[in-house]
Amino acid sequence: MSSLFDDLLQPLGDRQRDALVSAWAALEYGSEPASEAALPALRDAALRHLLDQMLHRTGRTLVPAGSYLWTSGYRDDIAAELVASGWGILPPLERATLILVLIHSVAIPRAEGRLTGDDWQSNHPTTPTRLRKLSQIHGQRRLSDALQWLRAAGLVRVARAADRETAGASYVPGPALRRLTPAARQRLQENLILAVGPDTALATAIMVRRNLGHPQK
């Protein structure tokens, strides 16, 4: 790692170099967002700029994850290249399962006024039983395997159900979704709208805007 960032780190003092390397490692390898209070390189604007430069060299970028919280994620241009090359695309069953978790643990509670904010954190977990009941995913094993795959990828996590009498695991969005850039988060939110209400005026507006931005050749 040092050779990749030598020109950025060498002019700095030992304390600043250590602060940057520690912050870089916490952002890239931590399962949860890092706090400015714990990492000087995130509190200092100049060091945070250097940290973003370090991330940029590996195709990554700083991502705000809440009040005084940061994480890292793929830059939008790099993510687009990876997708175009077939990388990072969820298999159909896992994609459908993730969308169902997002709809039932985030989209519906937010629409009903039970959840605020503009991120993927939720205290309204959904259960595999509910997912099977309200979807076309048939077979307990298939859904369980998809949820296990998503959990290993950090896209969902197990949470305690609000109803203590609910047996078995319940799921909410996982920490990996907090690594989405604002633009990627907006695309995912729009995809949820298209999935839940494809015939709504809002869905039509999204499709018109996307077609104008990416005209068919």
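Just so we're clear, the structure is a prediction, and the values are computed from it rather than from any experiment.

A. Quick look at the sheet that holds strand β2 (residues 60-64). The three strands lie next to each other as β1-β3-β2, forming an open sheet whose pairing is antiparallel. The two strands at the open ends of the sheet, each matched to only one other strand, are β1 (34-35) and β2. Note: β2 against strand β3 (residues 69-74), five bridges, orientation antiparallel. Residue pairing in the sheet places Leu 62 in a bridge with Ser 72 of β3. Strands in contact with helix α2 (residues 14-29) are β1, β2 and β3; relative to β3, the strand with the most contacts, it is inclined by about 70°.

B. Structural context of the packing of aromatic side chains. Following the criterion strictly, the structure yields two aromatic pairs and no others. With a centroid separation of 5.9 Å and an interplanar angle of 65°, the aromatic rings of Phe 5 and Trp 24 are classed as edge-to-face. Highlighted residues: Phe 5 in helix α1 (residues 2-9) and Trp 24 in helix α2, separated in sequence by 19 residues. Of the two residues, Phe 5 and Trp 24, both sit in the buried class. Here Trp 24 and Tyr 29 contribute two aromatic rings whose centre-to-centre distance is 5.9 Å and whose plane-to-plane angle is 80°, an arrangement assigned as edge-to-face. Its relative accessible area of 10% is what places Trp 24 among the buried residues.

C. View of the side chain of Ser 122. Assignment of secondary structure puts Ser 122 in the loop between α6 (92-111) and α7 (128-133). For Ser 122, a relative accessible area of 11% gives the class buried. A polar contact is formed between the side chain of Ser 122 and the backbone oxygen of Ser 105, at a distance of 2.4 Å. Side-chain polar atoms of Ser 122 contact the backbone nitrogen of His 124, separated by 3.0 Å. Ignoring anything within four residues of it in the chain, the contact list for Ser 122 reads Ser 105, Val 106, Leu 115, Arg 157, Val 172 and Pro 173.

Each value, and the rule that gives it
Residues numbered from 1 in each chain as written. Predicted model: local features only at pLDDT ≥ 70, side-chain atom pairs only at ≥ 80, totals over all residues. Heavy atoms only, no water. Pairing = 2+ DSSP bridges. Helix = DSSP H or I, 4+ residues; strand = E, 2+ residues; numbered from the N terminus. Contact = heavy atoms within 4.5 Å. Axes fitted to C-alpha atoms, helices over the stretch in contact; angles between N-to-C directions. Phe/Tyr/Trp six-rings, centres within 6.5 Å; stacked < 30°, edge-to-face > 60°. Buried < 20%, exposed > 50% of the residue type's maximum accessible area, 1.4 Å probe, protein only. Polar contact = N/O pair within 3.5 Å; in protein donor to acceptor, adjacent residues only side chain to side chain.

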